[in-house]
Amino acid sequence: RMLHQKCRQGLYPSSNVKRFAVPEERVPWTVDYPEYKPVAYTANVLKGKPWADPEINEPTFKPKWNTVDDKVNRKSFTGDYIVNADGYPLNPVGRTGIVGRGLLGRWGPNHAADPIVTRWKRDNTGTVEINKNTGKPVLQFVAIQRRDSGEWAIPGGMVDPNETVSATLMREFMEEALNFLEMDDTERKVLQNSIMEFFTKGDEIYKGYVDDPRNTDNAWMETVAINFHDEENNVVGKLALKAGDDARNVRWMDVNKEINLYANHSEFVRKTVLQRNAHW
Ligand code: RP5
Ligand code: MG
Ligand code: MG
């Protein structure tokens with residue numbers, strides 16, 4: 001079964017809402033749970049936001065589930081999800097202790113993209129560091145510290161309606177790790193031209209459900225995580241990282257088994273390590 005831990009724990013992010021505790025064996029919808037009394041929570045910030053859906057019972061809201069619905073991708077990577085008798089889509093992994101959308105804009109899947117930008121760790125002379133225990137080169141990736149939870153994470157973000165995943169990957173990286181939004185037009189063009197090609201050659205690492213702490217029974221995160229590797233450290237490796245938008249900090253983080261990242265991002269980085277045969 002898919003990882004489903006961080007979206008079952010304690011308080012819902014940025015709230016005092018306590019999730020109804022669901023024991024591991026009662027997570028799947030196929031297991032009967034008559035005592036299940038999830039808490040209802042949809043954050044007020046969603047009201048009237050252009051990026052958010054209206055309430056399910058809003059008469060003008062006619063979502064087409066499990067399809068790309070008027071530019072909004074309501075398809076899940078996990079296959080067709082169930083919509084219950086009251087019209088609410090059900091989390092494909094199971095119960096989370098909360099109904100409603102919490103902080104998520106869309107009912108059902110909320111699609112994101114995660115750029116895993118890597119390079120080899122080098123010393124002052126440019127020599128790649130080899131770990132003494134594993135004999136493997138040490139990988140670094142561009143990590144951001146999220147403003148919302150303070151946790152370190154991959155600089156990912158939501159796929160906008162009608163946006164391609166490749167566009168999201170590069171845009172979110174520029175916004176969160178290179179402070180693109182604060183640049184003037186000239187700076188933006190220079191930056192875009194310098195990294196455009198780099199962002200065309202990526203390796204798919206993960207595609208599917210995310211164990212995001214914001215998930216609920218009716219709204220959840222899904223992502224496409226792509227690894228862009230700067231082998232010679234001369235593309236992104238040359239640029240000055242600067243946190244922007246919803247990132248508080250940014251840095252090249254050494255990759256090893258101690259990393260502890262937001263949602264299940266550590267798992268995505270671990271998969272990248274396997275693919276690149278790096279130290280863990
Ligand atoms: C995670 O939330 C995804 O893996 C992605 O990194 C992120 C997208 O949400 P925001 O960063 O826009 O909040 O589930
Ligand atoms: Mg963002
Ligand atoms: Mg983000």
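Preceding this paragraph is the structure being described.
Residues numbered from 1 in each chain as written. Chains lettered and ligands numbered in written order. Predicted model: local features only at pLDDT ≥ 70, side-chain atom pairs only at ≥ 80, totals over all residues. Heavy atoms only, no water.

Caption draft 1: Spotlight on the overall build of the chain. For the chain, the helix and strand inventory stands at three helices and 11 strands. Along the chain, from the amino end to the carboxyl end, the secondary structure elements read β-β-β-β-β-β-β-β-α-α-β-β-β-α. Whereas a compact globule of 280 residues would reach a radius of gyration of roughly 19 Å, the chain reaches 20 Å, a difference of no more than 12%. When the backbone C-alpha atoms are referred to their principal axes, the chain occupies close to 65 × 45 × 35 Å. Across the chain, the mean location of the 38 positive side-chain charges is 2 Å away from that of the 40 negative side-chain charges. (Helix = DSSP H or I, 4+ residues; strand = E, 2+ residues; numbered from the N terminus. Rg over C-alpha atoms; globule rule 2.2 N^0.38 Å. Lys, Arg positive; Asp, Glu negative; His and termini not counted. Charge placed at Lys NZ, Arg CZ, Asp CG, Glu CD.)

Caption draft 2: Spatial organisation of the coordination of the magnesium ion (ligand 3). Looking at the magnesium ion (ligand 3), the protein donor atoms are G156 (O) and E176 (OE), and they sit 2.2 Å from it. On the accessibility criterion, E176 (2% relative accessible area) is buried. (Donors = N, O, S within 2.8 Å, 3.2 Å for Na, K, Ca; no water. Buried < 20%, exposed > 50% of the residue type's maximum accessible area, 1.4 Å probe, protein only.)

Caption draft 3: Looking closely at the pattern of salt bridges. Evaluation of the coordinates by the stated rule reveals 19 salt bridges. Two residues, D53 and R74, come together in a salt bridge whose shortest N-O distance is 2.9 Å. Residue D53 is located in the loop between β1 (39-42) and β2 (68-69), and its partner R74 is located in the loop between β3 (72-73) and β4 (98-102); the two are separated by 21 residues in the primary sequence. The residues D53 and R74 share a single accessibility class, namely buried. Note that R276 and D203 form a salt bridge whose closest N and O atoms lie 3.5 Å from each other. Note that R276 is positioned in helix α3 (residues 265-276) and D203 in strand β9 (residues 203-209), a separation of 73 residues in sequence. Members of the salt-bridge network, linked through shared partners, are D53, K64, D69, R74 and R106. (Salt bridge = Lys/Arg side-chain N within 4 Å of Asp/Glu carboxyl O.)

Caption draft 4: Layout of the side chain of D53. Using a relative accessible area of 5% as the deciding quantity, one classes D53 as buried. Looking at D53, its side chain comes within polar contact range of the side chain of R106, at 2.7 Å. Contact partners of D53, with chain neighbours within four places excluded, come to F61, R74, R101, G105, R106 and W107. (Polar contact = N/O pair within 3.5 Å; in protein donor to acceptor, adjacent residues only side chain to side chain. Contact = heavy atoms within 4.5 Å.)

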